[in-house]
Amino acid sequence: MLSLSMVVRNEESRLGACLASVKGFVDEIVLVDTGSTDATVAIAEAAGARIEHLPWPGDFAPARNAALNLTTGDWVLVLDADEQLRAEAISGLQNLMAQPDVLVINLLRFEQGATMAPYSNVSRLFRRHPRIHWSRPYHSMIDDSVRDLLSEEPHWRIVDYLEPALFHEGYRPDLLQSSNKSQRLRTAMEAWLAEHPGDPYTCAKLGALEVDEGQKELGIQLLRQGLKQNENTNVNPIERYELLLHLGIALAQDDPQGAVTAYREAVALPMDIRVSLGARLNLAALLMQQEQLDEAIALTTTATQQAPEVALAWYNLGLMQRRQGNLVEALYAYEQAKQLNPEHAETHQNHAVAMLVAGDINGARNSFKKAITLLHRQGRSKESEGLRHQVAGIVKLNEEEK
């Protein structure tokens, strides 16, 4: 028996799709509502959920534990309302759940809108065990309790489901801008770090936040502190990867060689390529800037082979192949990127340039027009007009102008 465990508040716009994605997979839905004032509860009731109400306790760990304690299944799947389960993953997950020594199944989650790290591994499907519980006041996880449990019951296995299992919308830029999520995370992380100095996971998250908000030196200091602590303990590849990825991002502008070193170590860690995709693509982009095109193309080609659904990888490969003079390969890469992300104006623009170099004037015209239209539609009017003026002297944008 499989239970779905959720903590929600005012999620009427997303909860229905989330619950629909697990229909026929879960046997029980347990939902803890922390004060919704919209139709969240009604939507959950219509889906057959068992609903309990809990005043917001201040962070997710106690709320998730309250929901977990209400489940009755042999297994527990934990989702947020902004996540959906891929139907293609259900059969494989059921096969893993049937193995008697599997304790936790790490799910590969596609982060919509998070171009730097489009995939993450999350411990969200696990056997209901009295020793497993959620901890930490931010990015709550079961990992700490699972580690303690394995030290006493080492026969259990943790396995990774290697194909994307979840879609997550929470890192879309428009959603982040409309919330106070970063400030809430900062407050919780700073309090935790004061009690646990050098904690690698906290240093990774807080260091990345500092860099993102312009406090680059402080962010680099935290990331290096976390890396040092990570070396002094049992090295956790995922923690180390996050530290190295964000250190590379922080160093890229002022110390590109330091960034390359960080990215190389990150890519070399024993991890699934999808999870380490951000460091791989960033490393390749820096190598392209340094005219090390052969290695950049090799890294990016591997990314497109292992994660062909990621538009950014194809777009970057198009840029590299064009710079290398491989027009056929560049055009193919741009076509893949356009299919995956047809709203990306830069893909259409660079596709147009490649078409122009290849001598396809009509194809170039159409792609330039599409890029100009997209830029205007996306509120980037100045860029749209700039591209229009730039192109006008090269290609007649209207057929009747020929």
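On a predicted model such as this, the values are computed, not experimentally measured, just so you know. (Residues numbered from 1 in each chain as written. Predicted model: local features only at pLDDT ≥ 70, side-chain atom pairs only at ≥ 80, totals over all residues. Heavy atoms only, no water.)

**Some details on the packing of aromatic side chains**
Evaluation of the coordinates by the stated rule reveals 6 aromatic pairs. Residues Phe126 and Trp134 carry aromatic rings whose centres are separated by 6.3 Å and whose planes lie at 70° to one another, so their mutual orientation is edge-to-face. Looking at Phe126, the relative accessible area reads 0%, which means it is buried. Linked through ring pairs, Phe110, Tyr119 and Phe167 together constitute an aromatic cluster. Sitting over the ring of Trp134, Arg64 keeps its end group 5.0 Å from the ring centre. The residue whose ring lies beneath Arg274 is Tyr119, and the NZ or CZ to ring-centre distance is 5.8 Å. (Phe/Tyr/Trp six-rings, centres within 6.5 Å; stacked < 30°, edge-to-face > 60°. Buried < 20%, exposed > 50% of the residue type's maximum accessible area, 1.4 Å probe, protein only. Lys NZ or Arg CZ within 6 Å of the ring centre and 35° of its normal.)

**A word on the sheet that holds strand E4 (residues 75–78)**
Judged by pairing direction, the sheet is mixed, and its 8 strands sit side by side in the order E3-E2-E1-E4-E7-E6-E8-E5 without closing on themselves. Lying at the two open borders of the sheet, with one neighbouring strand each, are strand E3 (50–53) and strand E5 (83–85). Going from strand to strand, the sheet's axes swing by 30° on average, the running direction of each strand aside. The pairing of strand E6 (residues 102–111) with strand E7 (residues 119–127) spans 7 bridges and is classified as antiparallel. Bridging across to E7, Arg109 finds its partner in Ser120. Across the sheet, helix H3 (residues 60–69) is in contact with strand E1 (2–8), strand E2 (28–33), E4 and E7; its angle to E1 comes to roughly 145°. (Pairing = 2+ DSSP bridges. Helix = DSSP H or I, 4+ residues; strand = E, 2+ residues; numbered from the N terminus. Axes fitted to C-alpha atoms, helices over the stretch in contact; angles between N-to-C directions. Contact = heavy atoms within 4.5 Å.)

**Quick notes on helix H18 (residues 381–392)**
In this model H18 runs 16 Å from its N-terminal to its C-terminal C-alpha over 12 residues, within 8% of the 16 Å that 1.5 Å per residue would give. Looking only at H18, the buried set comprises Ser384, Leu387 and Val391. Considered in projection along H18, the buried side chains sweep an arc of 70° and stay on one side of the axis. Summarising the geometry of H18, the exposed residues directed more than 90 degrees from the buried face are Lys382, His389 and Gln390. Residues of H18 that are buried make contact with helix H16 (345–357) and helix H17 (361–377). (Expected span 1.5 Å × (residues − 1). Arc of directions from axis to C-beta.)

**As for the pattern of salt bridges**
Counted according to the given criterion, the structure contains 29 salt bridges. Its salt-bridge partner being Asp80, residue Arg64 comes within 2.8 Å of it at the nearest N-O pair. Placement of Arg64 in helix H3 and of Asp80 in the loop between E4 and E5 is noted, with a sequence separation of 16 residues between them. Note that Asp101 and Arg157 form a salt bridge whose closest N and O atoms lie 2.9 Å from each other. One end of the pair, Asp101, is in the loop between helix H4 (90–97) and E6; the other, Arg157, is in strand E8 (residues 157–168), and 56 residues separate them in sequence. A relative accessible area of 32% places Arg157 in the partly exposed class. (Salt bridge = Lys/Arg side-chain N within 4 Å of Asp/Glu carboxyl O.)

**Quick look at the side chain of Glu210**
On the secondary structure map, Glu210 appears in helix H8 (residues 200–212). Leaving out residues up to four positions away in the same chain, Glu210 has contacts with Arg186, Glu190, Gln215, Lys216, Leu218, Gly219 and Leu222.

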